[in-house]
Amino acid sequence: MYRSIISVARARPARRPAAATLRAIARLSSLAMPSDDAEPARDAKAKPQTFEDLGVCAELADACAKIMGWRAPTPIQCAAVPEALRERDVIGLAQTGSGKTGAFALPILQSLLDAPQGFHSLILSPTRELAMQIAEQIETLGAGVGARTATLVGGVDMTTQAIKLGKRPHVIVGTPGRVVDHLENTKGFSLRALKVLVLDEADRLLNLDFEEEIDKILRVIPSDRRTQLFSATMTNKVAKLQRACLRDPVKVEVSAKYSTVESLKQHYLFIPAKHKDCYATYLFNELSASTLIVFARTCDATRKLALIARNLGFGAVPIHGQMSQPKRIAALQKFKSGERNILIATDVASRGLDIPSVDVVINYDVPQNSKDYVHRVGRTARAGRSGLAVTMVTQYDVELYQKIERLINKKLDKYPLEEEAVMLLYDRVNEAQRIAIQQMRDQDERKGKGAKRGFKDDDDADKMLNILGKKDYGGGGGRARVTKQSKLNGAKGPPRRF
Ligand code: AMP
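Residues numbered from 1 in each chain as written. Predicted model: local features only at pLDDT ≥ 70, side-chain atom pairs only at ≥ 80, totals over all residues. Heavy atoms only, no water.

Comments concerning the packing of aromatic side chains
Applying the stated criterion to the full structure yields five aromatic pairs. Between Phe-104 and Phe-230, the aromatic rings sit 5.5 Å apart at their centres with planes inclined by 55 degrees, giving tilted as the arrangement. One end of the pair, Phe-104, is in helix 5 (residues 100-114); the other, Phe-230, is in strand 7 (residues 226-231), with 126 residues separating them in the sequence. The class for Phe-104 is buried, based on a relative accessible area of 0%. For Phe-230, a relative accessible area of 0% puts it in the buried group. With 5.5 Å between their ring centres and 45 degrees between their planes, Tyr-268 and Tyr-401 make a pair best called tilted. Taken together, the residues Tyr-268 in strand 9 (residues 264-270) and Tyr-401 in helix 16 (residues 398-408) connect sequence positions 133 residues apart. For Tyr-401, a relative accessible area of 6% puts it in the buried group. Sitting over the face of the ring of Tyr-364, Lys-276 holds its NZ or CZ atom 4.7 Å from the ring centroid. (Phe/Tyr/Trp six-rings, centres within 6.5 Å; stacked < 30°, edge-to-face > 60°. Helix = DSSP H or I, 4+ residues; strand = E, 2+ residues; numbered from the N terminus. Buried < 20%, exposed > 50% of the residue type's maximum accessible area, 1.4 Å probe, protein only. Lys NZ or Arg CZ within 6 Å of the ring centre and 35° of its normal.)

Here's the deal with the pattern of salt bridges
Tallying each qualifying case throughout the model produces 15 salt bridges. The shortest N-O distance in the salt bridge between Glu-184 and Lys-216 comes to 3.6 Å. Residue Glu-184 is found in helix 8 (residues 176-185), and its partner Lys-216 is found in helix 10 (residues 211-220); the two are separated by 32 residues along the sequence. The partner of Arg-434 in a salt bridge is Glu-431, with the nearest N and O atoms 3.2 Å apart. Here Arg-434 pairs with Glu-431, and both are found in helix 18 (residues 426-453), just three residues apart, close to one helical turn. Taking relative accessible area as the criterion, Glu-431 reaches 19% and is therefore assigned buried. Residues joined by salt bridges that share partners form a network here, namely Lys-100, Asp-200 and Glu-201. (Salt bridge = Lys/Arg side-chain N within 4 Å of Asp/Glu carboxyl O.)

What about the layout of surface pockets?
Taken as a whole, the second largest pocket holds about 310 Å³ of empty space. Lining the second largest pocket are 15 residues, and of these Pro-126, Thr-127, Arg-204, Leu-208 and Val-348 sit closest to its centre. Tallied by class, residues from the lining of the second largest pocket come to four nonpolar, six polar and five charged. Two domains each donate at least three residues to the lining of the second largest pocket, and these are domain 1 (5-253) and domain 2 (264-497). (1 Å grid on protein atoms, 1.4 Å probe; cavity = no way out; pocket = protein on both sides within 12 Å on 5 of 7 lines; lining within 4 Å. Points joined across faces, edges and corners; volume = space filled by probe spheres on them. Nonpolar A, V, L, I, M, F, W, Y, C, P; charged D, E, K, R; others polar. Domains from an automatic or database assignment.)

Comments concerning helix 14 (residues 325-336)
Taking 1.5 Å of rise per residue, the 12 residues of helix 14 would be expected to cover 16 Å, and the 16 Å separating its terminal C-alpha atoms lies within 8% of that figure. Those residues of helix 14 lying buried are Gln-325, Lys-327, Arg-328, Ala-331, Leu-332, Lys-334 and Phe-335. (Expected span 1.5 Å × (residues − 1).)

Details of the sheet that holds strand 13 (residues 360-363)
With parallel pairing, seven strands are arranged side by side in an open sheet as 11-12-10-13-14-9-15. In the strand order of this sheet, the two ends are held by strand 11 (316-319) and strand 15 (413-414), each with one partner. By the bridge criterion, four bridges tie strand 10 (residues 292-295) to strand 12 (residues 342-345) in an arrangement that is parallel. Among the inter-strand pairings, Ile-293 is bridged to a residue of strand 12, identified as Leu-343. (Pairing = 2+ DSSP bridges.)

Next comes the structure, spelled out in structure tokens:
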């Protein structure tokens, strides 16, 4: 019979391996070798074929195969899991979608099976969505062994989370701000006996200025703990964090720095800034049979583009940092379920989100930080599939774009299209823009009034369009897909596809 965290807790008293002794040895060896560089992983070349080969126990290996459908460990799991099971601190440099959640979750669950306790592990993530996805994966993976998790993210009621904390979950997954909030305000919640700390997407945690919160957390957790730090990129800030909170770490790296995969076709489009929406519309139309993530720089640009696209009849849904948490989840769900095929996102969605099949990534705005380009386009061409990325470059973005080409060491091809065909869309797009601007004004006004009436959030373009669709904006509710033909006829009539 398989073990469970609960039954083990009852069957025999918790007996941890001699962690303190191992730690002391580790500390001594790091003193003897005063280098900041992490040691490369042992056995990195000899790749085992099964989870059991990595040292994963039968209960969890079974969950990987039967519940998760993972037939063999991914390279990052091969490299990181044995080290974590040996109680080593780990730095994992891995591309998005590499299976890194499993790489830190499996050792945590196994350690819990050996020595169950509440508040055993804390996983810090830069975004709410990512935190929820991690928690979901741990809950699924650990369901058979009785693992309990709590997700502590902003935008969700503190009291509900505090009640969950009262049940002493084994694993806590959260964003730093909300974790600190609970540490300071929730009675009975303490991380003094924490065994494992995971810093996921560490580069992003630091870019989002979570340093102060991380610092506060580091001050209240025991130094005698295991730490795993995962990051897509090794920045100076990450190296500093590594020195501050990891002990004698093993470094595991599974991909070349900032490379993009071969199966990804990457193009650029050089366009005049004033016709950007026409070009975006042209691409939406050309690629209407695909799933698309479109990245825009700001929340407002995301909102506006989603409204323009919706007004033109495309199945677009926005996701950005100013949306409430339930709205973000709902947007993601619509996209994941295939109800909508275009997700228009700020960089909040560029990293870590587990969206299984995205055919195309469009950079509506060139990313300010060229490393973000790699993360964005990493949403497509995953797990050996092919993918397409198109970056829209205006006269103002040339320098930024050149930086990207230098970083990935590739000259991209121009996306093939006919300018005249794009400009045929001009009138319809112009009209959709005008309507979108009015809709945003109305939305902001409603938000002001709504707040008084208890409506705090109505960022969702859907809800808005349903309400505003009843108003006459001259766009027929904005549901018609734009067509070349309709422009040629000067008609705003029923939609016709290309
Ligand atoms: P992650 O990088 O942890 O966000 O994982 C990305 C995706 O890979 C998720 O959908 C996981 O369920 C999946 N995954 C993780 N490990 C494996 C594995 N060993 N085999 C197949 N898929 C996996």
